[in-house]
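Residues per chain, in single letters:
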Amino acid sequence: MTAPAPSVPPHPPVPPSSLPPHPPEAFQKEEGSALLRYGLAVVSVGVAFLVQRALWPIMASTPYLAFFAAVVFSSWRGGWGPGLVSTGLSLLAVQYFFLQPLGEWRLEPDNVVALIFFLSLSLFATTLNVRLRRANAERADLLERERAARAAAEYERARLHELFMHAPAHLVIFRGPQHVFELSNPLNSAMLGNPERLLGLPAREVGPKEEAERVGRMLDHVYATGEPFEGREVSLKLPQPDGSLREYIFDVTYTPTHDTRGQVDGIAGFGFDVTDVVRARARAERLARELSHNEEHLRLLAGASSFLATSLDYQATLRNVVRLAVPALADWCIVDMTVGDGGFQRLEVAHAPGEPSEFREQLWAPAPYEAIAPELGGAMSLLLQGQPFFIENVTEEGLRKLTSDPGRLEVFRQLNLRSIALVPMVAGERPLGILSFATTWRSGRGYTSADLPYLQELANRAALSMENARLYREAREAVSLRDEFLSIASHELKTPLTPLNLKLQALRRELDRTPGPVRRELVESYLDVGSRQLKKLAELVNDLLDVSRIAAGRLSLECAPVDLVELVRDVVAGYEGPAARSGSALQLECEDAVTMGVWDRPRLEQVVVNLVDNAIKYGQGRPIHIHLETRDGKAALTVRDQGIGISEESLPRLFGRFERAVSDRHYGGLGLGLYITRTLVEAMGGTVRVESRLGEGSVFTVELPLQAPPTAA
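The rules behind these values
Residues numbered from 1 in each chain as written. Predicted model: local features only at pLDDT ≥ 70, side-chain atom pairs only at ≥ 80, totals over all residues. Heavy atoms only, no water. Helix = DSSP H or I, 4+ residues; strand = E, 2+ residues; numbered from the N terminus. Buried < 20%, exposed > 50% of the residue type's maximum accessible area, 1.4 Å probe, protein only. Contact = heavy atoms within 4.5 Å. Expected span 1.5 Å × (residues − 1). Arc of directions from axis to C-beta. Axes fitted to C-alpha atoms, helices over the stretch in contact; angles between N-to-C directions. Parallel < 35°, antiparallel > 145°, perpendicular 65-115°, else oblique. Left-handed = near helix turned anticlockwise from the far one by under 90°. Nonpolar A, V, L, I, M, F, W, Y, C, P; charged D, E, K, R; others polar. Pairing = 2+ DSSP bridges.

Caption draft 1: Quick look at the environment of Leu115. Looking at where Leu115 falls in the secondary structure, it is placed in helix 4 (residues 109-166). With a relative accessible area of 12%, Leu115 lands in the buried category. In sequence terms Leu115 and Leu92 are 23 residues apart; their C-alpha atoms lie 9.8 Å from each other. Once you skip the residues sitting within four places of it in the chain, Leu115 turns out to touch Tyr64, Leu91, Val94, Gln95, Leu99 and Leu107.

This is how it looks when you write it as structure tokens:
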């Protein structure tokens, strides 16, 4: 955590020009050429001579003073050579021009000491000047070296600062035990939101309080122990300009800095933003897990089809479904199947080992199905929509979305559910039921949205397998029904042929036995029996033809005004004989004279005949009541017998094709009469229903609209 960076030079620093050192022996180069230096020595002696000559009247006692100045100047300006030349010329000038005897080269003993003293002072002054010049040269050289070193240090400092400012890492320098910001490169400052004032602030006052405190503890440890700290993938949550918090992940290193005494005086921090790398790695790991998960699901689905196809038994298929799901995919699995009345029936509840088995019995008794997924309209609405209901992480709110039943809500709480998926089972366009998967916190497993397609595919394959099992069962039932029908049909077709054949054989024997005309009464009785049997045979054939027309959609109606009272009376009159032979009496009651309607008379007569014929067949010789009335704009025909009745479980299928509620050993028939009756009545816009109890007779009621036009079958 760092501060805004100082101003960055617009251009990279230029390295200082390297200056070669000046050794003391080379200092003459600064004074010019040798000719100039020796020339200055000679000139200085000349100037001293002129000055001494000018001041001779008042300085006769000090002839060496001006020449000593020339020696000092020459040695200071030119070094040893010019100094010695100036000294020699000065001795000659003094001895010849200013010492007695003047103008002669003769040296007096008194002047020898003065000349020696002058020579000694000149040599001493020259030595001092030469050493002073050397010291000055060395000092200048040292100063130049220091300047070069400073320039090099400034260059390196500027280059280091440049590197810090443009480094692709977060760099910061703290000073003191409070970890005061001394430096922060722009990358680090931008991460902190580029605060206006950052340099000089303690680390604990920058950024969110919790994060700043955590970083402060790290810095305290480094400052106190002097040991570097290295952290890998350290998470920091920092505020953004929009006020949100963003998580950064860093590899950080905090290194202590030391003063001249070796004491820790600060900390240098280096951070590398690995957020994208860590997240990319996490995504790669997640994708790898999903890939492995998907491979496992694909293997499961690959084996599911063959496993589900091992049986065409409906119950066995349901068991196979839950065996596939538990415990491989789910900790709990529930199968709810639709039933004919638009409701549901719970058929399977299974759980993985380790789950509390006492809840299994409670789950067998389902809550009201409209309480499932109440926000979506209940289980049937969920099934019709064909969309799964999914909760990845179950919460109290999620449980209330799952069910509104208080008892079932408490069971789900105790199960400690983690994930729930309710997946519709649909075969083609036919909804079959709902397959419920659940995982709990005990197993640690959960579902994600990526698991939904596989759960849905498993449900689809299970639905297809169950549909195949259902179709196979219905096919077997159809084959069995066909075989039973063929057996009954062959028996029923033989029934009228046998007495007809017997009567014809008896007539043949009578003709052979009587040479003359056969008695009329006998022939008429034989013809009457034959006509009845042929009529019965024709009725059987017509029923088969009607069923064929209904199945092919070719049954048509030819409607005309019909008096229902007249039609019913004709049918009753025609069946008085058969009723009398069975011991029953037909009792007709017509209370309402308004029974005119627009119907197909032959088909309507067929309906009445079927109902009356059934009443005679199963009436056990007891009276049969036929009641005709008009109510609510409809003609209502009721046929009541007091015969064997119909069991309650047989009533829903009584009007089905080839359905029989009695044994074919005791009662004949193809099981088509009531099927044809229902079809014809509905084609004419009416309804037919039955009320019956076993042993208490049956009541068939037909209601037909008097005004509404009929519809074709």
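Caption draft 2: A look at helix 1 (residues 34-54). With 21 residues, helix 1 extends 30 Å from end C-alpha to end C-alpha; this agrees with the ideal 30 Å at 1.5 Å per step. Three or more residues of helix 1 are buried, namely Arg37, Ala41, Ser44, Val45, Ala48 and Gln52. Around the axis of helix 1, the buried residues are gathered within 95 degrees of arc, so they sit on the same side. Set apart from the buried face of helix 1 by more than 90 degrees, the exposed residues are Leu35, Leu50 and Ala54.

Caption draft 3: Geometry of the packing of helix 15 (residues 564-574) against helix 17 (residues 601-618). Relative to each other, helix 15 and helix 17 sit at 50 degrees, their axes nearing to 10 Å. When the axes of helix 15 and helix 17 are compared, the pair comes out oblique. In the crossing of helix 15 with helix 17, the sense of the turn from one axis to the other is right-handed. For the pair helix 15 and helix 17, contact is made by Leu564, Leu567, Val568, Asp570 and Val571 and by Arg601, Leu604, Glu605, Val608, Val609 and Val612, respectively. The residue makeup of the contact of helix 15 with helix 17, split by class, is eight nonpolar, no polar and three charged.

Caption draft 4: Layout of the pairing of strand 13 (residues 596-599). Burial along strand 13 is one-sided: the face carrying Gly597 and Trp599 is buried and the face carrying Met596 and Val598 is not. In this structure, strand 11 (residues 560-563) lies alongside strand 13, joined through four bridges in antiparallel fashion. By the bridge assignment for strand 13, Val562 is matched with Gly597.

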